[in-house]
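Examining the three-dimensional arrangement
Each chain, written out:
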Amino acid sequence: MKAVWNGVTIAESDDTVVVEGNHYFPAESLRKEYTTFSNHRSGCPWKGQAQYLSLFVNGEMNPDAVWYYADPLPAAAEIKGRYAFWKGVKVSE
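Residues numbered from 1 in each chain as written. Predicted model: local features only at pLDDT ≥ 70, side-chain atom pairs only at ≥ 80, totals over all residues. Heavy atoms only, no water.

1. Let's talk about the pattern of salt bridges
Scanning all chains against the criterion turns up four salt bridges. The salt bridge involving K47 is made with E20; its shortest N-O contact spans 2.5 Å. With a gap of 27 residues between them, K47 in the loop between strand 5 (35–44) and strand 6 (48–57) and E20 in the loop between strand 3 (17–19) and strand 4 (22–24) connect regions that are remote in the sequence. (Salt bridge = Lys/Arg side-chain N within 4 Å of Asp/Glu carboxyl O. Helix = DSSP H or I, 4+ residues; strand = E, 2+ residues; numbered from the N terminus.)

2. Brief notes about the sheet that holds strand 8 (residues 83–85)
Read from one edge to the other, the open sheet built from four strands follows the order 5-6-7-8, with strand pairing classed as antiparallel. At either end of the open sheet lies a strand with only one pairing partner, and these are strand 5 and strand 8. This sheet shows a mean twist of 35° between the axes of neighbouring strands, independent of strand direction. Where strand 6 meets strand 7 (residues 60–68), six bridges bridge the pair, whose relative direction is antiparallel. Along strand 7, the bridge assignment pairs L53 with V66. (Pairing = 2+ DSSP bridges. Axes fitted to C-alpha atoms, helices over the stretch in contact; angles between N-to-C directions.)

3. What about the UniProt feature "domain: DUF427" (unreviewed entry) in the protein?
Mapped onto the present numbering, the UniProt feature "domain: DUF427" (unreviewed entry) falls on residues 1–87. Counted over residues 1–87, helix gives 0% and strand 54%. Its end C-alpha atoms are 17 Å apart. (UniProt positions renumbered as here; feature names shortened; annotations may be inferred.)

4. Here we look at the sheet that holds strand 1 (residues 2–5)
The sheet built from three strands is open, its strands ordered 2-1-9 with antiparallel pairing. What marks the edges here is a single partner per strand, and that holds for strand 2 (8–12) and strand 9 (90–92). Taking the axes of each pair of neighbouring strands and ignoring which way they run, one obtains an average angle of 25° across the sheet. Relative to strand 9, strand 1 runs antiparallel, the two being bridged by three bridges. The residue of strand 9 that forms the bridge with K2 is S92.

5. A short note on the environment of T16
Note that T16 resides in the loop between strand 2 and strand 3. Spatially, the C-alpha atoms of T16 and Y83 are 9.3 Å apart, while their sequence positions differ by 67 residues. Ignoring any residue separated from it by four or fewer positions in sequence, one finds T16 in contact with M1, H23, Y24, F25 and R82. At a separation of 2.9 Å, a polar atom in the side chain of T16 contacts the side chain of H23. (Contact = heavy atoms within 4.5 Å. Polar contact = N/O pair within 3.5 Å; in protein donor to acceptor, adjacent residues only side chain to side chain.)

6. Some words on the packing of aromatic side chains
Within a pair of aromatic rings, the relevant descriptors are the distance that separates the centres and the angle that separates the planes. Counted by the stated rule, this structure contains four aromatic pairs. Aromatic side chains Y24 and W67 sit 6.0 Å apart centroid to centroid with 90° between the ring planes, which places their arrangement in the edge-to-face category. With Y24 in strand 4 and W67 in strand 7, this residue pair connects regions lying 43 residues apart in the sequence. Taking relative accessible area as the criterion, Y24 reaches 1% and is therefore assigned buried. When its relative accessible area of 9% is taken as the criterion, W67 is described as buried. Summarising the aromatic geometry, the rings of Y68 and Y83 are spaced 5.1 Å apart at their centres and angled 45° between planes, so their arrangement reads as tilted. (Phe/Tyr/Trp six-rings, centres within 6.5 Å; stacked < 30°, edge-to-face > 60°. Buried < 20%, exposed > 50% of the residue type's maximum accessible area, 1.4 Å probe, protein only.)

Set out below in structure tokens:
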């Protein structure tokens, strides 16, 4: 699977975990040179608290486009430390 935004591959891996239709990529597949800090947080009753990163690619910012669960609840343990995408990031094979 590949996550692409603004013409650049942000993450690529054959080892994604699909939860609620979202592919969660392993941490080592994320190209961190394209991510930047975000204060945004959200909560899920069964996954726990999600933290976010923004993308900065080719001079354009995509706020809060990446999320992850650093310490998920037990029901979502399989996505610990993995990254998922939205806000225009295309995830495909």
